[in-house]
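Per-entry structural report
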Amino acid sequence: MKILIKNGLLVSPLGTSHADVLVDGETIAAIITPGDTTLGSQLESTVDRVIDASGKYVIPGGVDSHTHMELPFGGTFASDTFETGTRAAAWGGTTTIIDFAVQKFGERVQDGLSSWHEKAGGNCHIDYGFHQIIGGVDDDSLKAMDELIGEGVTSFKLFMAYPGVFYSDDGQILRAMQTAAGNGSMIMMHAENGIAIDVLVSQALAEGKTDPKYHSLTRPWETEAEAVHRAIMLARMTGAPLYIVHMSAKQAVNVLQGARDQGLNVFGETCPQYLYLSLEDHLSQPGFEGAKWVCSTPLRSKEEGHHEELWRYLRTNDLSIVSTDHCPFCFKEQKELGIGDFSKIPNGIGTVEHRMDLIYQGVVEGQITLERWVELCSTTPARMFGLYPQKGALAPGSDADIVIYDPAGRTEIGLEKTHHMNMDHSAWEGTVIDGHVDTVISRGKIVVENNEYFGTKGHGKYLKRGLSQYLM
Ligand code: URP
Ligand code: ZN
Ligand code: ZN
């Protein structure tokens, strides 16, 4: 199938330009600038489809580098399967996800990865890759880290939180970082001091403080900033690159900024929930409602000014990527596991469908430029995790993952039946975006057009990733 996308404004991190895009099969064949006649003046009559993108932006498909489909967590499983989650992602203009395969404690890393291939294989609507969670650092899992590089898994997540579940102690972290320094892979860190948090949680529960808001109050910003500092020092000792996931506290990013200013290979990610949602307006809603917004790191107090500072750090590139940390749980029977004990509420929010829109709203509100939107949501995640320029670029030879975005459109998020994630509620209910995902193309196939869905399960392919292109 040949598609010609005409008259759109192409947006890349480097700027905008009026040009046409020729798609041939699964890849982009040419970018045709005005006046360029090398492909002949009759090009339109030789293609199968012409899409008029007048007045619209044409951008590389979104790359969400942090999702958790079917994650076993808190006594249940994240409610999106690879099928439902990647379909929802496509609806929202995300054409690649990188999900976290899990090595459970006591399990071989390779077996954890195999089970993720089984869950995802043949089920995805868009292309997908994997990071690997190392749930038990020992000699075997360190060897497996070397092996997995050849299988296209080039980044490993460790947890300084969740003692007894995914937690690694400092010695284990140091050993994993030494391995990463040796094989060129990236350490991704959930940076929260889980040992201190567990004490605060027990004390709160003993005082009868059981409501969802205590999830945030027992994870104060110091627990994030301290862990970020410790992770950076361990990385510095070993020479390993470090990527801190889901940052929410401005003080923690300030610590990261200091390390970046010293020239260390440390990077930060945040998520839409930390840019828009808060302890006061969401987690503290009456009764058990706040459970919808329990995630870690937690939503923070809006009075402390985290939102504004995180947007600023996105502009200064101290935060380099916006991912979703998509980890949805239904309210009924899943979030409800924590009625009477906030520590039993499964942690996670579903956002995979809304990231491109939510961060575009930052453009509308003057927080970031159009170019930075594309950089944060598509190009940098592709580069950071070894997928560029196959993904994250509009260029000849790149996969034809393309979003046509309508700045004159409007998106009402989360109102009944307006989202496609497998959840019985939306953390984004009532949010209005001054823009709309108009058309989505995944490897040359039109999957969304005129608010209709044409994608298919099984179209998405596994992506063997290379090493991070920020470390070369
Ligand atoms: O609340 C969260 N973030 N749930 C998913 C697991 C994780 O820590 O990323
Ligand atoms: Zn995490
Ligand atoms: Zn996560």
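See the structure above.
Nothing here was measured: the structure is a model prediction, and the numbers come from that model. (Residues numbered from 1 in each chain as written. Chains lettered and ligands numbered in written order. Predicted model: local features only at pLDDT ≥ 70, side-chain atom pairs only at ≥ 80, totals over all residues. Heavy atoms only, no water.)

1. Looking at the coordination of the zinc ion (ligand 2)
Tetrahedral coordination by four donors places them ideally at 109.5 degrees to one another around the metal; octahedral coordination by six donors ideally gives 90 or 180 degrees. Every protein donor of the zinc ion (ligand 2) is listed here as Lys 157 (NZ), His 190 (ND1) and His 246 (NE2), and their distances to the metal cover 2.1 to 2.3 Å. In the primary structure, the donors to the zinc ion (ligand 2) are separated according to the pattern K-x32-H-x55-H. Here His 190 falls in the buried class, since its relative accessible area comes to 0%. According to the relative accessible area criterion, His 246 is buried, its value standing at 1%. (Donors = N, O, S within 2.8 Å, 3.2 Å for Na, K, Ca; no water. Buried < 20%, exposed > 50% of the residue type's maximum accessible area, 1.4 Å probe, protein only.)

2. A look at the coordination of the zinc ion (ligand 3)
Taken together, the protein donors to the zinc ion (ligand 3) comprise His 66 (NE2), His 68 (NE2) and Asp 325 (OD), at separations of 2.0 to 2.1 Å. The site at the zinc ion (ligand 3) holds four donor atoms, and with the angles between them running 87 to 144 degrees, its shape is irregular. Along the chain, the residues donating to the zinc ion (ligand 3) are arranged with the sequence spacing H-x1-H-x256-D. Separating the zinc ion (ligand 3) from the zinc ion (ligand 2) is a gap of 3.8 Å. Placement of His 66 in strand E8 (residues 62–67) and of Asp 325 in the loop between strand E17 (321–322) and helix H13 (355–364) is noted, with a sequence separation of 259 residues between them. For Asp 325, a relative accessible area of 8% corresponds to the buried category. (Tetrahedral: all angles 85-135°; square planar, octahedral: opposite > 155°, others 65-115°. Helix = DSSP H or I, 4+ residues; strand = E, 2+ residues; numbered from the N terminus.)

3. Some remarks on the site of ligand 1
In the vicinity of ligand 1, 13 residues are found, and the nearest of them are Lys 157, His 190, Ser 296, Asp 325 and Asn 347. Take Lys 157: an N or O atom from its side chain is 3.0 Å from an oxygen atom of ligand 1. Between Gly 348 and ligand 1, the recorded distance is 3.5 Å, taken from a backbone N or O atom to an oxygen atom. Across the complex, the protein chains shield 99% of the 270 Å² of accessible surface that ligand 1 would expose by itself. Grouping the amino acids of the shell around ligand 1 by side-chain chemistry returns four nonpolar, seven polar and two charged. (Near = heavy atom within 4 Å. Polar contact = N/O pair within 3.5 Å; in protein donor to acceptor, adjacent residues only side chain to side chain. Areas by Shrake-Rupley, 256 points an atom, 1.4 Å probe, with all protein chains shown as cover. Nonpolar A, V, L, I, M, F, W, Y, C, P; charged D, E, K, R; others polar.)

4. Description of the pairing of strand E22 (residues 445–449)
Of all five residues in E22, four are buried, a share of seventy percent or more. Across four bridges, strand E21 (residues 436–442) lies against E22 in antiparallel orientation. Within E22, the residue paired with Val 440 across the bridge is Val 448. Where E21 folds back on E22, the antiparallel hairpin that results is connected by two residues, among which Arg 443 adopts a positive phi of roughly 45 degrees. Of the strand pairs in this sheet, E22 and strand E23 (residues 452–453) are connected by two bridges, and their pairing is antiparallel. From the neighbouring strand, Val 448 faces E23, where its bridge partner is Tyr 453. Taken together, E22 and the strand that follows it, E23, pair antiparallel across an intervening segment of two residues, in which Asn 450 is found at a positive phi of about 50 degrees. (Pairing = 2+ DSSP bridges.)

5. Some thoughts on the sheet that holds strand E1 (residues 2–6)
What the four strands build is an open sheet, ordered E5-E4-E1-E6; its pairing is mixed. In this open sheet, the two edge strands, each paired with only one partner strand, are strand E5 (27–32) and strand E6 (49–52). Adjacent strand axes in the sheet meet at a mean angle of 20 degrees when their direction is disregarded. Here five bridges tie strand E4 (residues 20–24) to E5, and the two strands are oriented antiparallel to one another. Looking at E5, one finds that Val 21 is bridged to Ile 31. (Axes fitted to C-alpha atoms, helices over the stretch in contact; angles between N-to-C directions.)

6. Brief notes about unusual backbone geometry
The omega angle of the peptide bond from Ser 296 to Thr 297 is 0 degrees, so this bond is cis rather than trans. Look at the link from Tyr 388 to Pro 389: it is a cis peptide, with omega at 5 degrees. With a phi close to 70 degrees, Glu 333 is a non-glycine residue in the positive phi region. You can see Glu 333 is positioned in the loop between E17 and H13.

Any functional reading would require information that these geometric values do not contain.
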